[in-house]
Amino acid sequence: MKKKAGGRIVRQLKQKHRIHGTGSRFQINMQQIVIMFIGIGINVLASYLISRFNLPLYFDTIGTIAVAALSGYLYGATTAVATNLCCSFFQPYSLYYTSVSVIIALITSHALHSPRLQKKRFIPIFILVLALVGGGIGTGIQWVLTGGPFYSDVAEVASAIAGEGTFGYGFFCVLISVGLDLVDKGVSCGIAFLLVHLVPKAARERMWNNSWMQRPMTTEEMKDLKGRIKAKRTQMSKRIFIMLTITAGLLVTTQSIISMKLYEKSIYQEYSTAAEKASNFIAVSVDGDMVDEYVESGQTIALCNRRGYQQTLRTMANACRYMNNLKYMYVYKIEEDGCHIVFDVDPEEQEATIGERVTFDDAFLPYKEDLLAGRGIPVMESNDKYGHLLTSYTPIFNSDGKCVAYAGADVSFTDLDEYSNGYMFKVLVILLGFFLLIVSCGLWLTKFFLVRPINAIAYSMDGFGVTEEDQKTLDQKVKDFREIRIRTGDEVEFMYDALCRMMTAVAEQMRELRHYTEATAQMQNGLIITMADMVESRDSDTGAHIQKTAAYVKIILEALKKKGYYAEKLTPKYMSDAVISAPLHDVGKINVPDAVLNKAGKLTDEEYNIIKTHTTAGREIIERAIDTVHGENYLKEARNMAAYHHERWDGKGYPEGLHGEVIPLSARVMAVADVFDALTSKRVYKPAFPLEEALRIIKEGSGTQFDPKCVEVFLDSITEVKIVLKKYNDM
């Protein structure tokens, strides 16, 4: 079963990829790769031609700028690295400029596609920045590698301007290099922009947006999204950038150290072998039987005329001259009191007397017993007043097989130390370019395969499914979400597909729930109207009373809302509940006898008291209904209207004598609506009052019988009131 389910998911993903047009993405990527190779070709060709004429320019970033402008920083950085690798075959120092070229690609990609920087007046600033990067950093690299600028013309001009000042010379070298680079980058940008504009606008947009693994977000969406992310302080891209930088930095540093250690180990082995060969050569060249005679002669090295001495000395000198890094060659007779000179090719020591004693160096002390015993010792490393040396001692034997002296050869590490520092810098400079490429690649993958898809999902889902939204808005959000079209081909895409299905299901459930809610509300409203009609039908003269009072209640509530009165109370839900509840305000009349309810003459005090009981009776009826339906809001307002619509603002009403805002707002509104309808309607005990008379009575009751604000907005809404009167009076 799992296998079948997995196969179904794969088939669904493949089908979705075909729908999203994934098949065409390979062709578009091939276009970008072709553009990248064209950019590399332009860079290499231009750089080669410039090098042939030995001009102090480069022109090796034309293609880099064009590719970065068309396809983004990843393709631009790759073009830069590939260009410098190719150019290193005819320009050895080109490889050290890899990091500079990558930085230029990053700046170009960001600058030319930033809305704030896409103005024509920005172009000179952009070129100046590139020149400062190329000329400034480039000169620094040249200075560390060679101690000055690569081009002799630059050095000569700077020297002529600066005179004898060292600081001035360096400053003018940088200034001239930046000036030349300004020309270089100006021409390069001009050619690159021309090449970019030769590409059709539609193709440029397609190549730039091709990196998106979804529908590209608009500038407004990106700006809004950045604002939300900044507000919440959850920028994943920054954390990933830090992680990538640390990881790549550790990788580059580790690689540099390992490379340096391996190099030093190799050189140490090479120098050790050279020292051993030299000392062995000397040991073979010296006649061991003559060593004691040389020492006993007491002559100086330069003047010794004993047999074979000067010939041996010349042989040693020639060997020292032709063997790389061999600094000293000598022969010492080892005694308990120190080393006694037999041969020494150092010109400064030529006046020394043969047999003259030299004290043991600290590095030799651990091997003193072996030396006195005539045994061989390993190659030794020392770093003292004579410099950083690698020394090999080989025993010299006489014809009897006795060790009579030692042949010594010193290989200097001083030049190696200086070279190692330069070597380390070269490795770091070269690896820095690849470091920037690795970070760029990691950021590109993270940005387009993780950060932007997740941000798009979060942006589109923000606020989805809130209860205040109507169905049309909800459906549009589902449509917008499906339009993101994420196609990363990994877990992010799988999550997106699942969310698409979930949002669609939620929208459908909300649609069904709204239909059910609307049907329930219609049924409730129908029951309310039916119930109210049953009560009103017992009153022979109240025709359309519940419809008109409900209409007046709606008019007053909307007018209060418009003027900002009772704003905290008048929510859409409250207003809807009050209008729906209005027909039940006289439900208590069901307990009033017909004889009293329809009496044509004036009511007695006893009959009037019976009539007043319809307020308390209505409250009890609705409270029982509330208990049955677990306290629906619209029934609570129905209870308030039924119980208190005969209360007065001055506290002289019934049934409880409430006053002012203590009276529920819905009841205060109903009081105005109920009295106005009673005044303008015909009753068995009176004719209908003219509209002007009815409005006068309502106005006179403001602040005594009625809430002044309710009266104010009612009188201001006379146009709507007349429409209701005309509608029901014509029926």
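Structure first, text after, so check above.
Predicted model only: the values in this text are computed from it and were never measured.

Criteria and thresholds
- Residues numbered from 1 in each chain as written.
- Predicted model: local features only at pLDDT ≥ 70, side-chain atom pairs only at ≥ 80, totals over all residues.
- Heavy atoms only, no water.
- 1 Å grid on protein atoms, 1.4 Å probe; cavity = no way out; pocket = protein on both sides within 12 Å on 5 of 7 lines; lining within 4 Å.
- Points joined across faces, edges and corners; volume = space filled by probe spheres on them.
- Nonpolar A, V, L, I, M, F, W, Y, C, P; charged D, E, K, R; others polar.
- Helix = DSSP H or I, 4+ residues; strand = E, 2+ residues; numbered from the N terminus.
- Buried < 20%, exposed > 50% of the residue type's maximum accessible area, 1.4 Å probe, protein only.
- Phe/Tyr/Trp six-rings, centres within 6.5 Å; stacked < 30°, edge-to-face > 60°.
- Axes fitted to C-alpha atoms, helices over the stretch in contact; angles between N-to-C directions.
- Parallel < 35°, antiparallel > 145°, perpendicular 65-115°, else oblique.
- Left-handed = near helix turned anticlockwise from the far one by under 90°.
- Contact = heavy atoms within 4.5 Å.
- Disulfide = S-S within 2.5 Å.
- Pairing = 2+ DSSP bridges.
- Core = buried A, V, L, I, M, F, W, Y, C linked by side-chain atoms within 4.5 Å.
- Expected span 1.5 Å × (residues − 1).

A. Spotlight on empty space enclosed by the protein. Under the defined criterion, the tally for this structure stands at one cavity of 30 Å³ or more. Size it by volume and the largest cavity reaches roughly 40 Å³. In terms of residue class, the lining of the largest cavity is built from four nonpolar, one polar and four charged.

B. Local environment of the environment of Ser702. Of note, Ser702 is situated in the loop between α24 (691-700) and α25 (708-716). Residue classification places Ser702 among the partly exposed residues on the basis of a relative accessible area of 29%. Once the C-alpha coordinates of Ser702 and Glu712 are considered, the two residues, ten residues apart in sequence, prove to be 8.2 Å apart.

C. How the structure looks around the packing of aromatic side chains. Under the definition given, this model contains 16 aromatic pairs. Ring plane angle 75 degrees and centroid distance 6.1 Å describe the contact between Tyr330 and Tyr393, whose orientation is recorded as edge-to-face. In this pair, Tyr330 is assigned in strand β1 (residues 326-335) and Tyr393 in strand β5 (residues 387-397), connecting sequence segments 63 residues apart. We note that Tyr330, like Tyr393, is buried. Arranged with centres 5.3 Å apart and planes meeting at 80 degrees, the rings of Tyr552 and Phe676 form a pair that is edge-to-face. Residue Tyr552 is located in helix α18 (residues 545-563), and its partner Phe676 is located in helix α23 (residues 665-680); the two are separated by 124 residues in the primary sequence. Both residues of the pair, Tyr552 and Phe676, belong to the buried class.

D. Structural view of the packing of α24 against α25. One can describe the packing of α24 onto α25 by two numbers: an axis separation of 9 Å at closest approach and a directional angle of 155 degrees. Our classification of the angle between α24 and α25 gives roughly antiparallel. Note that α24 runs across α25; the crossing there is left-handed. Residues Leu695, Ile698 and Lys699 of α24 form the contact with α25, whose own contacting residues are Val711, Phe714 and Leu715.

E. Expanded view of the state of the cysteines. Throughout the structure, instances matching the rule amount to zero disulfides. Looking at Cys86, it has no disulfide partner, and the nearest cysteine sulfur is the one in Cys87, 6.8 Å off. Classification of Cys86 by relative accessible area gives partly exposed; the value is 34%.

F. Structural context of the sheet that holds β1. Sheet architecture is open: six strands sit in the order β3-β2-β1-β6-β5-β4, paired in antiparallel fashion. Only two strands of the sheet have a single neighbouring strand rather than two, namely β3 (357-358) and β4 (380-384). Pairing of β4 with β5, which is carried by five bridges, proceeds in the antiparallel orientation. Bridge pairing in β5 links Glu381 to Leu390. The strands that helix α13 (residues 309-322) touches are β1 and β2 (338-344); relative to β1, the one it contacts most, it runs at about 140 degrees.

G. Representation of the environment of Tyr459. Within the secondary structure, Tyr459 sits in helix α15 (residues 414-461). With relative accessibility at 23%, the residue Tyr459 sits in the partly exposed group. When the C-alpha atoms of Tyr459 and Asp224 are compared, they prove to be 8.9 Å apart, with 235 residues separating the residues in sequence.

H. Looking closely at the nonpolar core. Core analysis: the biggest nonpolar cluster contains 64 residues, and Met329, Val331, Phe343, Tyr393 and Ile396 have the highest contact counts within it. At ten residues, the largest contribution of residues to this core is made by helix α11 (residues 236-285). Grouped together as the second largest cluster of nonpolar side chains are 37 residues, Leu570, Tyr574, Val672 and Leu691 included.

I. Representation of helix α26 (residues 718-729) within the structure. Here α26 is twelve residues long and its end C-alpha atoms lie 16 Å apart, about the 16 Å a rise of 1.5 Å per residue gives. Check the buried side of α26 and you find it contacts α18, α23, α24 and α25.

J. Region of interest: helix α5 (residues 98-112). Across its 15 residues, α5 extends 21 Å between first and last C-alpha, which sits within 8% of the 21 Å expected from 1.5 Å per residue. Regarding α5, the residues found buried are Thr98, Ser99, Val100, Ser101, Val102, Ile104, Ala105, Thr108, Ser109, Ala111 and Leu112.

K. Structural view of unusual backbone geometry. In this model, Tyr654 is joined to Pro655 through a cis peptide bond whose omega is 15 degrees. Among the secondary structure elements, Pro655 is positioned in the loop between α22 (633-644) and α23. Phi at Phe59 is positive, roughly 55 degrees, even though this residue is not glycine. By relative accessible area, which is 16% here, Phe59 ends up buried. The backbone of Tyr566 shows a phi angle near 50 degrees, a positive value even though the residue is not glycine. Relative to the assigned elements, Tyr566 resides in the loop between α18 and α19 (572-581). With a relative accessible area of 10%, Tyr566 lands in the buried category.

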